[in-house]
Amino acid sequence: GAVVSQHPSWVICKSGTSVKIECRSLDFQATTMFWYRQFPKQSLMLMATSNEGSKATYEQGVEKDKFLINHASLTLSTLTVTSAHPEDSSFYICSARSGGGKNQPQHFGDGTRLSIL
Amino acid sequence: QKEVEQNSGPLSVPEGAIASLNCTYSDRGSQSFFWYRQYSGKSPELIMFIYSNGDKEDGRFTAQLNKASQYVSLLIRDSQPSDSATYLCAVNPTKAAGNKLTFGGGTRVLVKP
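The structure presented is a predicted model; accordingly, all values stated were derived computationally and were not measured.

Conventions and cut-offs
- Residues numbered from 1 in each chain as written.
- Chains lettered and ligands numbered in written order.
- Predicted model: local features only at pLDDT ≥ 70, side-chain atom pairs only at ≥ 80, totals over all residues.
- Heavy atoms only, no water.
- Helix = DSSP H or I, 4+ residues; strand = E, 2+ residues; numbered from the N terminus.
- Rg over C-alpha atoms; globule rule 2.2 N^0.38 Å.
- Buried < 20%, exposed > 50% of the residue type's maximum accessible area, 1.4 Å probe, protein only.
- Contact = heavy atoms within 4.5 Å.
- Areas by Shrake-Rupley, 256 points an atom, 1.4 Å probe, with all protein chains shown as cover.
- Lys, Arg positive; Asp, Glu negative; His and termini not counted.
- Charge placed at Lys NZ, Arg CZ, Asp CG, Glu CD.
- Buried area = accessible area lost by both parts, 1.4 Å probe.
- Salt bridge = Lys/Arg side-chain N within 4 Å of Asp/Glu carboxyl O.
- Polar contact = N/O pair within 3.5 Å; in protein donor to acceptor, adjacent residues only side chain to side chain.
- Pairing = 2+ DSSP bridges.
- Axes fitted to C-alpha atoms, helices over the stretch in contact; angles between N-to-C directions.

Draft legend 1. The arrangement of the overall build of chain B in detail. Of the regular secondary structure elements, chain B holds zero helices and eleven strands. Expected size for 113 residues packed as a compact globule is a radius of gyration near 13 Å; at 13 Å, chain B falls within 12% of this value. Summarising its shape, the C-alpha atoms of chain B cover approximately 45 × 30 × 25 Å along the three principal directions. Here chain B holds 113 residues, and the buried ones make up 44% of them. Considering only residue pairs separated by 6 or more positions, chain B has 54% of its internal contacts joining residues 24 or more positions apart. Of the roughly 5300 Å² of accessible surface on chain B, a fraction of 47% belongs to carbon and sulfur atoms. Across chain B, the centroid of the 12 positively charged side chains sits 6 Å from that of the 10 negatively charged ones.

Given below as structure tokens:
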């Protein structure tokens, strides 16, 4: 149980392209989804928290106009990196939790490795 | 002071031995605690979670929580080379909005055959 699917696994694209990453909870309803970014040999960095049907809450320093998050249903959240540049190259990972208080763990997708040329 | 602190390692452990990982946290009101394992180049996977003081065992893994001392630990018994990974401690602080987790920097574990 608690499977989170993330797609695509790898993206290589030219600078200026917009890239959409999907995160799906396959066997549970995810009231909250999280988006993280991780640079090589560094810790996970939370970018934003998204709740189904409402606007995402972004962490300090994360540009909400550059990283668009949509959580339109209880099983799907998307992250769009708009006008991506080489400095946006990173490992993007989503996680989902089923709600019900602070004790519910987050379950992670497999991540998306984004390379901007 | 970081909110969640872990020794970065590497923690080198001979195969078959016990690996002991520690994590301290600053928010005394934290309620839930999680251990994740992350292999190089992969995303984190949940190993265990613990909410109450004491020990919780799951297979070769034991999580220990001491809220008075504000630490949580993970023991890996009969360590295998496949246990070589970075182990992330995560805490749900009381003041966190949206139930987000605060992660430690991770402890890298190397199990040598």
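Draft legend 2. Expanded view of the interface of chain A and chain B. Counting residues at the interface gives 24 residues for chain A, matched by 24 residues for chain B. Carbon and sulfur atoms make up 52% of the area that chain A and chain B hide from each other, which totals about 1700 Å². The tally of links between chain A and chain B comes to one salt bridge. A salt bridge links glutamate 59 of chain A to lysine 100 of chain B; the nearest nitrogen and oxygen atoms lie 2.8 Å apart. Summed over the shared surface of chain A and chain B, the number is five residue pairs in polar contact (both at pLDDT 80 or more). Mapped by element, the contributors of at least two residues to the side of chain A that touches chain B are strand 4 (32-38), strand 5 (45-51), strand 9 (90-97) and strand 10 (107-108) of chain A. With four residues, the single largest contributor to the side of chain A that touches chain B is strand 4 of chain A.

Draft legend 3. The arrangement of the pattern of salt bridges in detail. Residue and element names in this part refer to chain A. Tallied over the entire structure, the rule returns six salt bridges over all chains. We note a salt bridge from lysine 66 to aspartate 88, for which the minimum N-O separation is 2.9 Å. With lysine 66 in the loop between strand 6 (57-58) and strand 7 (67-73) and aspartate 88 in the loop between strand 8 (76-81) and strand 9, the pair connects residues that are 22 residues apart, well separated along the chain. Looking at lysine 66, the relative accessible area reads 13%, which means it is buried. We classify aspartate 88 as buried; its relative accessible area is 5%.

Draft legend 4. Fine view of the sheet that holds strand 7 of chain A. Residues and elements named next belong to chain A. Judged by pairing direction, the sheet is antiparallel, and its four strands sit side by side in the order 1-3-8-7 without closing on themselves. Of all the strands in the sheet, just strand 1 (4-7) and strand 7 have a single pairing partner and so form its edges. Recorded for the sheet is a direction-independent mean angle of 15° between the axes of neighbouring strands. In terms of strand pairing, strand 7 meets strand 8 through five bridges, oriented antiparallel. The residue of strand 8 that forms the bridge with phenylalanine 67 is valine 81.

Draft legend 5. Quick look at the environment of valine 3 of chain A. With respect to the helices and strands, the residue valine 3 of chain A is situated in the segment before strand 1. Here the alpha-carbon distance between valine 3 of chain A and glutamine 104 of chain A, two residues 101 residues apart in the chain, equals 14 Å.

Draft legend 6. Just the sheet that holds strand 3 (residues 19-25) of chain B, in detail. Residues and elements named next belong to chain B. If you trace the five strands from one edge of the open sheet to the other, you get 1-3-8-7-6, paired in antiparallel fashion. Each edge of the open sheet carries a strand with a single partner, namely strand 1 (4-6) and strand 6 (54-58). Sheet twist, expressed as the mean angle between neighbouring strand axes with direction ignored, is 20°. When strand 3 meets strand 8 (residues 71-76), the two strands line up antiparallel, connected through six bridges. Looking at the pairing, threonine 24 lines up with tyrosine 71 of strand 8.

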